[in-house]
Amino acid sequence: MTKRICLAGATGWAGSALARGIEKAEDLELVSAVSRSQAGKTLGEALGESGMNAPVFADASAALVQPADIFFDYTKPDAAKANILTALNAGCHVVVGTSGLSDEDYAQIDGVAKQAKRGVLAVGNFALTVVLLQKFAEMAAKFIPHWEIIDYAHSDKIDAPSGTARELANRLSTVGQSQLDVPLEKLHGPKESRGARLSGTQVHSVRLPGYVLSLDAIFGMHDQKLILRHEAGSSAEPYVDGALLAIRNVDRLVGVHRGLDTVMDF
Ligand SMILES: NC(=O)c1ccc[n+]([C@@H]2O[C@H](COP(=O)([O-])OP(=O)(O)OC[C@H]3O[C@@H](n4cnc5c(N)ncnc54)[C@H](OP(=O)(O)O)[C@@H]3O)[C@@H](O)[C@H]2O)c1
């Protein structure tokens, strides 16, 4: 059966690549899109391409008047939470690609999703290489009690830490809390110099021109260390296959689940 998709952020860098991927998929149909600046057009008109006939709406509630099975959010953190709650109330399952939502946001969304008996799959990074890094980091954390995360991005990235870093910190918290040999309150100097403590991990965000998106998960032991590094390229293509996998499987879930491996076989 064809799954009907509403894609918020369909005119953006990540969303337009996904829209093209959905168009090519025979089992998926893009029935509506959300973009404030392109409302009133078809997505094809908005992207300057033929063949994408989904109408574009200014917000999620207007778009969801058109029935959809799955709502996908690729917007911005200040818009995403309201979009997700609107979509759950409209009876959709939801895939969240947007970064910047907090653990508290997801706890609230989880309650609404469970009540609605709908799935929410939130994935900080759909790239296969990041899913593998998450798995390797979880393995490392079982043996090495000291770790920190550094995320690097271009200077105009609005959210910090990145969705990838937040999700990794959240996942490592299921293994344990990273050990701090000097507690933050005993530190000489500004506490900020040790980064933010997120889900039991110190996370540092570098935002500079010249960077795209990369992340180091550093595990330190006496006289040795392990650095797991991910580097993104400049196109949005690596995210498309993972996002399609999430869309195809989110209706098997109830409540919030984080990470693409929720729907992958390892
Ligand atoms: N999970 C992953 O693997 C992954 C991969 C890439 C990006 N991301 C995340 O996905 C999000 C989008 O990234 P992007 O680079 O595609 O951004 P972008 O190019 O700026 O696109 C944002 C899209 O959202 C729309 N939008 C709708 N409501 C909005 C609002 N209230 N505020 C801002 N935009 C709104 C924009 O259209 P209008 O401006 O016309 O409304 C546009 O279509 C970011 O959070 C990014 O970190 C995640």
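As shown above, the structure is provided for reference.
These lines cover the structure that appears in this document, whether it is placed above or below. (Residues numbered from 1 in each chain as written. Predicted model: local features only at pLDDT ≥ 70, side-chain atom pairs only at ≥ 80, totals over all residues. Heavy atoms only, no water.)

The 5 strands are arranged β8-β9-β7-β10-β11 in an open sheet whose pairing can be described as mixed. Lying at the two open borders of the sheet, with one neighbouring strand each, are β8 (196-198) and β11 (224-231). For this sheet the average axis-to-axis angle between neighbouring strands, irrespective of direction, equals 25°. Alignment of strand β10 (residues 213-221) against β11, held across 8 bridges, turns out to be antiparallel. Within β11, the position partnered with A217 by the bridge is L228. Against the sheet, helix α6 (residues 128-143) touches β7 (147-153), β10 and β11, its axis set at about 165° to β11. Packed onto the sheet, helix α7 (residues 163-172) meets β7, β8, β9 (201-207) and β10 and runs at close to 165° relative to β7. (Pairing = 2+ DSSP bridges. Helix = DSSP H or I, 4+ residues; strand = E, 2+ residues; numbered from the N terminus. Axes fitted to C-alpha atoms, helices over the stretch in contact; angles between N-to-C directions. Contact = heavy atoms within 4.5 Å.)

Pairing is parallel across the open sheet formed by 7 strands, whose spatial order is β3-β2-β1-β4-β5-β6-β12. In this open sheet, the two strands that pair with only one neighbour each are β3 (56-57) and β12 (255-258). Relative to strand β4 (residues 70-73), strand β1 (residues 3-8) runs parallel, the two being bridged by 4 bridges. Residue pairing for β4: A8 is matched across the bridge by D73.

By themselves, these are just geometric observations and shouldn't be taken as functional.
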